[in-house]
Amino acid sequence: MEQTIKKNKTKGTFSPGKVIDLVAQKRWLIPLTLIVVYVIAFAVLYPSVFLTKYNLASLLLEFSIPAFVIIGMAIQLINGEIDLSVGYVVMFSNVCVACLIVLGVPVWGAIAITVLFCALIGWLVGVLVAGVGVNSFIATLGSGMAFYGLGLMVFDYGYKYGTNNPNPNGLDLLHLPDSFKNIAQLQIGGFQLPVYYALAVIAVFVVLMSKSKYFKQYYYIGMNKEAAELSGIRVKRTKIAAFVISATLSSLAGVLLVARMGSGATTLGVGMELKAITAVVIGGVSFKGGRGTMIGAVFGGLFVYCVNNALRITNAPSNLYKVIEGLILLCAVILDAQFSKRKIVG
Amino acid sequence: MKRQKVMKWLALAMAGAMTLGGCGEAKAKNSSSEGAETKTEDVSDEVYVWACQHNSLPLFVNNDYIGMDLIAEQLGVTVKKIGPQEIDLPAFVAAIEQEIPQKPDGMMVVGWDASLATAIDKAMEAGIPTITVDADVPDSQRLCFVGSNWYDQGVEQAKAIAPYLEGKKGKAVMIGLPGANNTVEAANGYTETLAKLAPDIEVVTQVYDAQSNAQVVAETVGNLLKSDSSILAVAGFESACGPGISQAIKEADMVGKVYGTCVDAEAEHIQCIKDGTIVAACGQKRHFFTYYGVRMLYDYKHNNIDFTGHDAEIGISPIPTEVSTGFIVVTPDNVKYFDQE
């Protein structure tokens, strides 16, 4: 049952109710506050460990590539859908681009082919969901499995090719050229390039989701698809576009991941969808659709990686990580349910 | 008078000799007491790190953990474990990188993948002595590798399977972790040795991906056996392979027709030998990985051997670059000695 809360209009009055209302409206404040608390606490308690270039650069690098996937997932959840294929798209993209490079395709050509292929599959899945009416949970689970199987086939082919046709330059799936690795391994100001790419992509999508008329449509569709349709929004096309965006961003993440690692691997990216979902829910994006902000999703993602960093610095046993992550997700879901009940009027 | 002079000089000479002897003795005492101080040096605040992903595998818990606990107790140091619980390379790399500011006294990295080279190099550049254990990352700046010689692993498996393939014509397939250097080395050893011992057997070049999962191995090998009746041997280069290969051979009803060999000799691998599906389990002496790994790092830090007097300046390492820990080959002939009961 929704609680209808009347806004307290008395100026200058501070009340817990006001604070809760503020947080309910701007849920990105929760992960942001937690990040600020974490930074201050660890800067004070572990200054020689936390405030080092290794630690900060590693933390931001660890977050930067999944940030692409988090942005795609946020759009999908706001849109009222879900995309469980993102991790498998990352996996497929990493082995596909590596394989194409080993086969002799120029680096930028290999990247373009990989990303375009994934975007095309994303479009097909979008058509299945928005056009045919297949549930996005099932559709993306299926497409994810297909991407995974395809990725394994591509890796086997590429590995066999590399073994049977030794490259005079020593290139194979496990030894990719510097011209490709430099896309992710070069540093500027002590931070590897993916950090800057992530900043750019985050900035673009934060602005688009908050200012662009087109992207704001995802909120209306997520809140009420039928009403959005009646108001003139082209729901099907817009939904299909979301799947294309999600697949494209995940594919870019896969390319960056293999460039960063320097070798293709069938394990890279698998499971990333769960972290992405955790991140966006912590950031205030609602499972029900129509709510949440891109900046909240980004803060949620950054918070997840801050928690990992905190556990490492405090030497917590590694089997505690998943427990903590699960508890954080549960808390976020409970908060989401509670805040969703509050309808602010006035 | 003359006699008194002689006596006087004799007395002086004796006093001088006693004095010199006493100094020498004192110096020797000082030296031995310096040695005693070195031996009783407080190292309780020294921390050595073992970095591995999927690090709570029973294989690690039953072997590597024991080795590191033993050496930690013996030396009086602390050995810490870092890394993700699951197979997650980016998280593994991040764990290594984020350990650097904690400035451990040394780090052992299990070389799951060549991509760990960057993280290992960062640790070395930060002044943390870093070695690889179990599987190597040869493209990195690591100081030493402690583990099995994986080329020899492949050789041992080929030597074990060769008698079963005598006079037969067919194929042998391999399964492991294609991305790992140890699998590449083992595959080379197996292929080259079998080419000499069983020249009528074609070793399929491609190494299939075990994904560290026995079920995946069973499905992959099962599919291979069903699709190609010329396969006579399967070699596994990852711990999950033995049980997976065994299951596949049994399910395909090929016991006695297709033979498997595998790495590691844990209880589940021993059982496969008793089942008749695996003819050799080449067990690694895993306790040694971490035991000698910590030992190497400790010796690097407390080095007493200097070849030139300027070793540190000119980059001469005080520890070996490779410590080969050997194998224990379990076969149907000796399996009774390895009965876990």
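Residues numbered from 1 in each chain as written. Chains lettered and ligands numbered in written order. Predicted model: local features only at pLDDT ≥ 70, side-chain atom pairs only at ≥ 80, totals over all residues. Heavy atoms only, no water.

For chain B, an unreviewed UniProt entry supplies the name Ribose transport system substrate-binding protein and the organism Lactonifactor longoviformis DSM 17459. Quoted straight from UniProt, the Subcellular location (unreviewed entry) entry for chain B says "Cell envelope". As recorded by UniProt, the Sequence similarities (unreviewed entry) comment attached to chain B reads in full: "Belongs to the bacterial solute-binding protein 2 family." (UniProt positions renumbered as here; feature names shortened; annotations may be inferred.)

Where an unreviewed UniProt entry is consulted, chain A appears under the name Autoinducer 2 import system permease protein LsrD, with the organism given as Lactonifactor longoviformis DSM 17459. Here chain A is described in UniProt, under the heading Subcellular location (unreviewed entry), as follows: "Cell membrane".

Novice: Looking at this model, I keep getting lost on the overall build of chain B. Mind explaining?
Specialist: On a plain count of helices and strands, chain B comes out with eleven helices and twelve strands. Going through the 341 residues of chain B one by one, you find that 52% of them count as buried. Pairs at least 24 residues apart make up 72% of the contacts formed inside chain B by residues separated by at least 6 positions. Working note: accessible area of chain B is about 15500 Å², and carbon and sulfur atoms make up 54% of it. (Helix = DSSP H or I, 4+ residues; strand = E, 2+ residues; numbered from the N terminus. Buried < 20%, exposed > 50% of the residue type's maximum accessible area, 1.4 Å probe, protein only. Contact = heavy atoms within 4.5 Å. Areas by Shrake-Rupley, 256 points an atom, 1.4 Å probe, with all protein chains shown as cover.)

Novice: Got a minute to help me understand the interface of chain A and chain B in this structure?
Specialist: You'll often see interface size given as the accessible area lost when the parts meet. Of the residues lining the interface, 36 residues belong to chain A; the matching set on chain B comes to 33 residues. The junction of chain A with chain B conceals about 2900 Å² of combined surface from both sides, 53% of it contributed by carbon and sulfur atoms. Seen at the junction of chain A and chain B, the total is two salt bridges. One salt bridge in this structure joins E97 of chain B and R260 of chain A, with 4.0 Å as the shortest N-O distance. On inspection of chain A and its partner chain B, the count reaches 13 residue pairs in polar contact (both at pLDDT 80 or more). Where the side of chain A that touches chain B is concerned, the elements lending two or more residues are α3 (47-50), α4 (53-78), α7 (136-164), α12 (235-261) and α14 (294-313) of chain A. Examining the composition of the side of chain A that touches chain B, we find that eight residues originate from one element, α7 of chain A, more than from any other. (Buried area = accessible area lost by both parts, 1.4 Å probe. Salt bridge = Lys/Arg side-chain N within 4 Å of Asp/Glu carboxyl O. Polar contact = N/O pair within 3.5 Å; in protein donor to acceptor, adjacent residues only side chain to side chain.)

Novice: Help me understand the pairing of strand β9 (residues 259-263) of chain B in this model?
Specialist: Looking down a regular strand, the side chains alternate between one sheet face and the other. Residue and element names in this part refer to chain B. Within β9, five of the five residues are buried, which leaves it mostly tucked inside the rest of the structure. Burial along β9 is two-sided: the face carrying Y259, T261 and V263 and the face carrying G260 and C262 are both buried. For the segment spanning strand β8 (residues 231-236), helix α8 (residues 241-251) and β9, crossover handedness is right-handed. Direction of pairing for β9 relative to strand β10 (residues 278-284): parallel, over a ladder of four bridges. Bridged to G260 within β10 is I278. (Right-handed = clockwise from strand over helix to strand, strands pointing away. Pairing = 2+ DSSP bridges.)

Novice: Could you clarify how one ought to interpret the side chain of T290 of chain B in this entry?
Specialist: Topologically, T290 of chain B is positioned in helix α10 (residues 286-301). Beyond its immediate stretch of four places on either side in the chain, T290 of chain B contacts W50, D64, G67, M68, I71 and M108 of chain B.

Novice: Whenever I open this one, the nonpolar core confuses me. Can you help?
Specialist: Inside soluble globular proteins, nonpolar side chains tend to come together where they are buried. In terms of nonpolar packing, the biggest core is built from 169 residues, with I75 and F180 of chain A together with L116, I131, Y190 and L194 of chain B touching the most fellow members. Built from parts of two domains, this core gets at least three residues from each of domain 1 (3-22 + 44-148 + 286-302) and domain 2 (150-284 + 330-338) of chain B. Listed in part, the 26 residues of the second largest apolar core include A248, I273, I278 and V330 of chain B. (Core = buried A, V, L, I, M, F, W, Y, C linked by side-chain atoms within 4.5 Å. Domains from an automatic or database assignment.)

Novice: It is not clear to me how the domain arrangement of chain B should be interpreted in this structure. Could you clarify?
Specialist: All names here are of chain B. Domains assigned within chain B are domain 1 (3-22 + 44-148 + 286-302) and domain 2 (150-284 + 330-338). Just the C-alpha atoms count here: the centres of domain 1 and domain 2 sit 34 Å apart. Each partner contributes residues to the interface: domain 1 has 15 residues there, and domain 2 has eleven residues. If you sort the residues of domain 1 by the area they bury against domain 2, L59, W112 and S148 come out on top, with a joint share of 41%. Linking domain 1 with domain 2 are zero salt bridges, by the criterion used here. The tally of links between domain 1 and domain 2 comes to five residue pairs in polar contact (both at pLDDT 80 or more). Considering every element that reaches the side of domain 1 that touches domain 2, the biggest residue donor is helix α2 (residues 58-75), with three residues. Residues of the side of domain 1 that touches domain 2, tallied by class, amount to seven nonpolar, four polar and four charged. (Nonpolar A, V, L, I, M, F, W, Y, C, P; charged D, E, K, R; others polar.)

Novice: What exactly am I supposed to notice about the packing of aromatic side chains here?
Specialist: For any two aromatic rings, the description comes down to two numbers: the centre-to-centre distance and the angle of the planes. All told, the structure shown has 19 aromatic pairs over all chains when counted by the stated rule. Relative to F147 of chain A, the ring of F92 of chain A lies with its centre 5.4 Å away and its plane at 55°, an arrangement referred to as tilted. With F92 of chain A in helix α5 (residues 86-102) and F147 of chain A in helix α7, this pair connects stretches of sequence that are 55 residues apart. We classify F147 of chain A as buried; its relative accessible area is 5%. Taking 5.3 Å as the distance between ring centres and 75° as the angle between the ring planes, the aromatic pair formed by F288 of chain B and Y292 of chain B counts as edge-to-face. Of this pair, F288 of chain B and Y292 of chain B are both found in helix α10, four residues apart, which corresponds to roughly one turn of the helix. Judged by its relative accessible area of 31%, Y292 of chain B is partly exposed. We note K81 of chain B situated over the ring of Y65 of chain B; from NZ or CZ to the ring centre the distance is 4.7 Å. (Phe/Tyr/Trp six-rings, centres within 6.5 Å; stacked < 30°, edge-to-face > 60°. Lys NZ or Arg CZ within 6 Å of the ring centre and 35° of its normal.)

Novice: Hey, could you run me through helix α4 (residues 117-125) of chain B in this one?
Specialist: Given 3.6 residues to a turn, an α-helix orients residues that are three or four positions apart in the same direction. By the criterion of burial, α4 of chain B is predominantly enclosed, with seven of the nine residues buried. Among the residues of α4 of chain B, those classed as buried are A117, A119, I120, D121, K122, A123 and M124 of chain B. Among the structural elements, α4, β2 (187-188) and β3 (191-192) of chain A together with α3 (89-99), β3 (106-110) and β4 (130-133) of chain B are those in contact with the buried residues of α4 of chain B. Just beyond α4 of chain B, the residue with positive phi is G127 of chain B, at close to 90°.

Novice: So what exactly am I meant to see when it comes to the sheet that holds β10 of chain B here?
Specialist: Strand pairing in a sheet takes place through backbone hydrogen bonds and is either antiparallel or parallel in direction. Residues and elements named next belong to chain B. If you trace the six strands from one edge of the open sheet to the other, you get β7-β6-β8-β9-β10-β12, paired in mixed fashion. Across the chains shown, the open sheet's two edge strands, defined by having one partner strand only, are β7 (201-209) and β12 (327-330). Adjacent strand axes in the sheet meet at a mean angle of 15°, parallel and antiparallel pairs treated alike. Sheet strands in contact with helix α5 (residues 150-161) are β8, β9, β10 and β12, and its direction is about 155° off that of β9. (Axes fitted to C-alpha atoms, helices over the stretch in contact; angles between N-to-C directions.)

Novice: Honestly, a nonpolar patch on the surface in this entry has me stumped. Any pointers?
Specialist: All names here are of chain A. Among the surface-exposed residues, L320, V323, L327, L330 and I334 lie close enough to one another that they form a single nonpolar patch of about 440 Å² accessible area. In this structure, L320 sits in the loop between α14 and α15 (321-341). What makes L320 partly exposed here is its relative accessible area of 33%. (Patch = residues over 30% accessible without salt bridge, like charges linked within 9 Å, V, L, I, M, F, W, Y side chains within 5 Å.)

Novice: Can you help me understand the pattern of salt bridges in this one?
Specialist: A side chain with one charge may pair with a side chain of the opposite charge, provided their charged atoms come close. For the structure shown, the criterion picks out 17 salt bridges over all chains. Note that D178 of chain A is salt-bridged to K181 of chain A, the shortest N-O span being 3.7 Å. Of this pair, D178 of chain A and K181 of chain A both sit in helix α8 (residues 178-185), separated by three residues, roughly a single helical turn. Given the relative accessible area of 51%, D178 of chain A is considered exposed. Of the residues examined, K181 of chain A reaches a relative accessible area of 19% and is grouped as buried. In this structure, the salt-bridge partner of R295 of chain B is D299 of chain B, at a minimum N-O distance of 3.2 Å. Taken as a pair, R295 of chain B and D299 of chain B lie in helix α10 at a separation of four residues, close to a single helical turn. Residue class for R295 of chain B comes out partly exposed when judged on its relative accessible area of 24%. Taken together, the shared-partner salt bridges in this structure form one network comprising K275, K322 and E325 of chain A together with E86 of chain B.

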